[in-house]
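# What the coordinates show
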Amino acid sequence: MKFKNILFLSLLFPAFLFSQHTIKLTFSPAEDFTWAVLYKNSPTTTKYIAQSKIVDGNLIFKLDENASNGIYKLVYAVPQNDYNFDIIYNGEEDIELTFNLKDGAVFQKSSENIMLNTYLTKMALLGQELETKYLKDNADDTSVTAVFTKQKELQNTYEKKSEGKLVQHFIKANQPYISNEYETPSNYIKSLITNYFQSIDFGDEVLQSSNFLIEKSMAYITGVVTEGLTQEKSFNNNVDKVAAQIGTLDPNFQKYFLGKLWQKLVNYRLIDTANHLAEKYLIPIGNQLGDKALVLKLTQFKNLSIGSPAPDFTLDESSNKKLSELDVAENYILVFWSSGCSHCLKEIPLLHEISQELNSTKYKVIAVGLEEDTFQWSNEIIKFPNFINAIKLKKWDNTIVNDYALTSTPTYFVLDKDKKFLAKPESFEELKEYLKK
């Protein structure tokens, strides 16, 4: 594990804002931003406050005089879960800031935000100084411990300055591991990882209402790799350690927090780790709270993940021939369609044309009709002799709809010879691009 990558894990933090009265923002470059939406956060919900068009890069939100202090979230693009930052509103002052994707939020007005950013900047500089000392061939014990002393002094100073303010929650939680004595570089790294969560109170409702806990957890999950383990196993172990931090908290918060963490992992394309989190923690919590929709969503996602076996089903009712038993090609194109679907009647003939050009031992098309009856389907499949044609009656009420999370037709999947998912093209054009490659 590289020292440089680990040293600053404890200093990672999301951008925060704080406000009442008005929030004045200047976005740059102006042409890249059009709308913004403001929400008020709580540990398990987000409440809509206002939205506004960004004009020439400028935007002002006027808060109701009864607006309570706390954590607000400003969304500036979609998807909302990816393009937002937190605003802590202390109820005492207007806020002014600039925002761009490179520098994030930079405050011109907001004493608590400016204090937090100043603290983080100074602590980061001390972290860099410590790194420089440690990277010398002969690290000087005295010079290293002198940096530890500076870190302690800085932490104490800003905890006193922030006393009674919302910002103190974040200053305390951002305290890095500070050794009481000299440690070798390797031992310091171990201590840094072991004590990563020492200053973070996952039960703090202010922290729960911000992005802070999610960002710190993601930094840990993706930033620490255990020697001797694969990346996937390391990430899964790290998820276990994060989950242990919230194991005694309100199940509703656990569900909300782990749900956001799961979505982050999916967005980062860490699918195996997302499925590990879902199977071991989030699905059991969903069952405990009776959230059937969440359990279904997570189960479908896991079952349909790339590399997972496709849910099995009967292709031929008369012979009970199943998908898993097919052994006629190296890969399969599985398409769900309907003879009453106008898009299907355009695309399925085109797919048949492609199938005639493909080597049939390389790819075989399995076309499954979702139908109310067999009449129209029987007439249509005559046109598709190259396909393995199957039918599922009751249309959207058939169990196969849930098994494959079908919401529209046609829907395409690409499977390998063992009927495991290779790709999930979202359109016919995407399928064609995949086949070209």
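Residues numbered from 1 in each chain as written. Predicted model: local features only at pLDDT ≥ 70, side-chain atom pairs only at ≥ 80, totals over all residues. Heavy atoms only, no water.

### Description of the sheet that holds strand β15 (residues 411-416)
Pairing within the open sheet is mixed, and its 5 strands lie in the order β14-β13-β12-β15-β16. The open sheet has two free edges, formed respectively by β14 (388-393) and β16 (421-423), since each of these has just one partner strand. Here the average twist between neighbouring strands, direction ignored, is 30°. Strand direction decides the pairing type here: strand β13 (residues 363-371) and β14, joined by 6 bridges, are parallel. Along β14, the bridge assignment pairs Ala367 with Asn389. Seen against the sheet, helix α15 (residues 428-436) touches β12 (331-337), β13, β15 and β16 and runs at an angle of roughly 25° to β15. (Pairing = 2+ DSSP bridges. Helix = DSSP H or I, 4+ residues; strand = E, 2+ residues; numbered from the N terminus. Axes fitted to C-alpha atoms, helices over the stretch in contact; angles between N-to-C directions. Contact = heavy atoms within 4.5 Å.)

### Looking at the packing of helix α9 (residues 251-267) against helix α10 (residues 271-288)
Two elements in contact, α9 and α10, have axes separated by 9 Å at closest approach and are oriented at 160°. Of the possible angle classes, the one that applies to α9 and α10 is roughly antiparallel. For the pair α9 and α10, the crossing hand works out as left-handed. For the pair α9 and α10, the contacting residues are Pro251, Gln254, Lys255, Leu258, Gly259, Leu261, Trp262, Leu265 and Val266 in the first and Ile271, Thr273, Ala274, Leu277, Ala278, Tyr281, Leu282, Ile285 and Gln288 in the second. Classifying every residue of the contact of α9 with α10 by side-chain character gives 13 nonpolar, 4 polar and 1 charged. (Parallel < 35°, antiparallel > 145°, perpendicular 65-115°, else oblique. Left-handed = near helix turned anticlockwise from the far one by under 90°. Nonpolar A, V, L, I, M, F, W, Y, C, P; charged D, E, K, R; others polar.)

### Remarks on the sheet that holds strand β8 (residues 95-100)
In space, the 4 strands of this open sheet follow the order β5-β2-β8-β9, with mixed pairing throughout. Each end of this open sheet is capped by a strand with a single partner; those strands are β5 (58-62) and β9 (104-109). Direction aside, neighbouring strands of the sheet carry axes that sit 20° apart on average. Bridge count between strand β2 (residues 22-27) and β5: 5 bridges; the pairing is antiparallel. Along β5, the bridge assignment pairs Lys24 with Ile60. Across the sheet, helix α2 (residues 111-135) is in contact with β8 and β9; its angle to β9 comes to roughly 125°.

### Examining α15
Among the residues of α15, Phe428, Leu431 and Leu435 are the ones counted as buried. All buried residues of α15 project into a common sector of 55° when viewed along the axis, lining one side. (Buried < 20%, exposed > 50% of the residue type's maximum accessible area, 1.4 Å probe, protein only. Arc of directions from axis to C-beta.)

### As for α10
Taking 1.5 Å per residue as the helical rise, α10 with its 18 residues ought to reach 26 Å, and the 24 Å between its terminal C-alpha atoms agrees with that figure. Maximum bend of α10: about 45°, positioned at Ala278. Considered for burial, the residues of α10 that qualify are Thr273, Ala274, Asn275, His276, Leu277, Ala278, Tyr281, Leu282, Ile283, Ile285 and Gly286. On its buried side, α10 packs onto α8 (231-245), α9 and α11 (292-303). Gly290 occupies a position one or two residues after α10 and carries a positive phi of about 70°. (Expected span 1.5 Å × (residues − 1). Bend = angle between axes of the 7 residues up to and from the residue.)

### Here we look at the confidence of the model for the protein chain
When pLDDT drops low, the exact placement of atoms in the prediction is not to be read closely. For the protein chain, mean pLDDT is 93; residues scoring 70 or higher make up 95% of the total. Here residues 1-19 is a poorly scored stretch, pLDDT under 50, and it has 91 contacts once near neighbours within four places are set aside; other chains count. (pLDDT = per-residue confidence, 0-100.)

### Some thoughts on the environment of Ile366
Along the chain, Ile366 turns up in strand β13. Along the backbone, Ile366 and Leu38 are 328 residues apart, and their C-alpha atoms lie at a distance of 47 Å.

### As for unusual backbone geometry
Across the junction of Ser28 and Pro29, the peptide omega takes the value -5°, indicating a cis bond. Note on placement: Pro29 falls in the loop between β2 and β3 (35-41). Geometrically, the link from Val78 to Pro79 is a cis peptide bond, its omega value of 0° lying close to zero. Mapping Pro79 onto the fold places it in the loop between β6 (70-75) and β7 (84-89). Positive phi, close to 60°, is recorded for Asn320, a residue that is not glycine. Looking at the secondary structure, you find Asn320 in the loop between β10 (314-316) and β11 (321-322). Even without glycine at this site, Ala405 takes up a positive phi of about 50°. By the secondary structure assignment, Ala405 is in the loop between α14 (399-403) and β15.

### Re the nonpolar core
Grouped together as the largest cluster of nonpolar side chains are 54 residues, with contacts concentrated most on Phe257, Leu258 and Leu261. Excluding its chain neighbours within four sequence positions, the residues that come into contact with Phe257 are Phe202, Leu213, Ile214, Ser217, Val242 and Ile246. (Core = buried A, V, L, I, M, F, W, Y, C linked by side-chain atoms within 4.5 Å.)

### Considering the pattern of salt bridges
Here the structure, examined in full by the defined rule, presents 10 salt bridges. A salt bridge links Lys302 to Glu279; its shortest N-O distance comes to 4.0 Å. Pair noted here: Lys302 is in helix α11 and Glu279 is in helix α10, with a separation of 23 residues, a long-range link. The class of Lys302 is partly exposed, set by a relative accessible area of 26%. Two residues, Asp418 and Lys417, come together in a salt bridge whose shortest N-O distance is 3.6 Å. (Salt bridge = Lys/Arg side-chain N within 4 Å of Asp/Glu carboxyl O.)

### Quick notes on the side chain of Ser191
Secondary-structure assignment places Ser191 in helix α5 (residues 185-194). Residue Ser191 is classed as buried on the basis of its relative accessible area of 15%. Only 2.7 Å separates the side chain of Ser191 from the side chain of Glu183, close enough to count as a polar contact. Residues contacting Ser191, with those up to four places away along its chain left out, are Tyr177 and Glu183. (Polar contact = N/O pair within 3.5 Å; in protein donor to acceptor, adjacent residues only side chain to side chain.)

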